[in-house]
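What the coordinates show
Chain by chain, the residues:
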Amino acid sequence: MASRKQAFIGGMKAGIPIALGYFAVSFTFGMMAVQAGLTVWQSTLISLTNLTSAGQFASLSIITAGGSLVELALNQFVINLRYMLMSFSVSQKLDRRYPFFHKFFVAFGITDEIYGASASRPGKNSPWYHYGAMALAIPGWTIGTLVGAAAGEILPAIVMSALSVAIYGMFLAIIIPPAKKNHFLWIVILSAMALGAIFKYVPGLNKISSGFVIIIITVLVSALAAIIRPIREEDGHAD
Amino acid sequence: MQISIYLYILVMAVVTYLVRAVPLLLSRKQITNTFIKSFLFYMPYACLAAMTFPAILGATSYLISGIVGFVAACIAAYLERSMITVALIACAAVFVTEQIIRWVA
């Protein structure tokens, strides 16, 4: 029992900075969701049930455009596919002495940040470590959305305009630093952006909805990169 | 016929959960196929880059402030500031640019 408690508290310690960061980003999600026409309750429900940044932001444009459920499902699948890699990695590191049912709950809390915290610990992880981090991260993400959605109805336009770029800043902070070490990533990043511009501005291609554009670019660029430059072990995921 | 918001939310929640749960529930060994490993390694970079650009240019009230926010975020990210710092620098750059635009106009 004592070790469960220790693991839980350890997870909560990692969860404090994660929850604060989540609050800030999900605040802007809540704000944009309300701007997109969702209610405060619907925006909050999305955050509580999805617990993911990129996927949720991408879903807004599909929902407002009245996109199909297939488009939404494929889009979320591709954007969140990175969690599969993390999930594989978590399964290697999870202490097998705990009952199987824990995996159902641990899975819900696999995010970039919680994965990062658990992967950087030495040795096997208790599911209770994950629960400790989730106990703060999930409320941080959900309450941030609630507050942002409520504030989104009263914030002035100039503040909303400024806050709406926060998520893109986060994305750039994730993808640019590793490219300084692995220069091939510059090519991957710049090709994806260049294709994004082509799909946005070239007549004909700009008819394709943004949800599908992300799928097409991600699959195309990653597949080409994997063929041109298969990863060696030392490039691999930092775990 | 309009699709209910709640149906959208249900679909995205289920897909996202399955992506997270299936490998954890089923995996007994590491992925060994080099192509799949490489594909999964490159994917976050391609995906987040495609989501960022050119969408960031249309997120703000003016094209110019979007460009300034994008450049500011790229520089801050290159200098390896934390995620929250980069996000706030991008927001501040957009805010200041739009104040200047309104003041000039």
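Cut-offs applied
Residues numbered from 1 in each chain as written. Chains lettered and ligands numbered in written order. Predicted model: local features only at pLDDT ≥ 70, side-chain atom pairs only at ≥ 80, totals over all residues. Heavy atoms only, no water. Salt bridge = Lys/Arg side-chain N within 4 Å of Asp/Glu carboxyl O. Helix = DSSP H or I, 4+ residues; strand = E, 2+ residues; numbered from the N terminus. Contact = heavy atoms within 4.5 Å. Buried area = accessible area lost by both parts, 1.4 Å probe. Polar contact = N/O pair within 3.5 Å; in protein donor to acceptor, adjacent residues only side chain to side chain. Expected span 1.5 Å × (residues − 1). Buried < 20%, exposed > 50% of the residue type's maximum accessible area, 1.4 Å probe, protein only.

**Quick notes on the pattern of salt bridges**
If you walk through the whole model with that rule in mind, you get 3 salt bridges over all chains. Two residues, Arg-97 of chain A and Asp-95 of chain A, come together in a salt bridge whose shortest N-O distance is 2.8 Å. Glu-80 of chain B is paired through a salt bridge with Lys-180 of chain A; the nearest N and O atoms lie 3.1 Å apart. In this pair, Glu-80 of chain B sits in the loop between α4 (63-78) and α5 (83-104) while Lys-180 of chain A sits in helix α10 (residues 166-181), so the two residues belong to two different chains.

**Concerning the interface of chain B and chain A**
Across the contact, 66 residues belong to chain B and 100 residues belong to chain A. Overall, the association of chain B and chain A removes approximately 7,600 Å² of surface from exposure, summing both partners, and the carbon and sulfur fraction of that is 76%. Taken as a group, Arg-20, Leu-24 and Tyr-42 of chain B account for 11% of the area that chain B buries against chain A, more than any other trio of residues on that side. Seen at the junction of chain B and chain A, the total is 20 residue pairs in polar contact (both at pLDDT 80 or more). Of all elements in the fold, only α1 (5-26), α2 (34-52), α3 (55-59), α4 and α5 of chain B reach the threshold of two or more residues within the side of chain B that touches chain A. Broken down by element, the residue count for the side of chain B that touches chain A peaks at 18 residues, all from α2 of chain B.

**Looking at helix α3 (residues 53-64) of chain A**
Residue and element names in this part refer to chain A. The end-to-end C-alpha distance of α3 is 17 Å, a good match for the 16 Å that 12 residues give at a rise of 1.5 Å each. The complete set of buried residues in α3 reads Ser-53, Ala-54, Gly-55, Gln-56, Phe-57, Ala-58, Ser-59, Leu-60, Ile-62 and Ile-63. Looking one or two residues beyond α3, the residue adopting positive phi is Gly-66, at roughly 70 degrees.

**Describing the environment of Arg-121 of chain A**
Residues and elements named next belong to chain A. Note on placement: Arg-121 falls in the loop between α7 (112-119) and α8 (127-152). Exposure remark for Arg-121: the relative accessible area of 29% places this residue in the partly exposed category. Ignoring anything within four residues of it in the chain, the contact list for Arg-121 reads Lys-93 and Tyr-129. Separated by 2.9 Å, the side chains of Arg-121 and Asn-125 make a polar contact.

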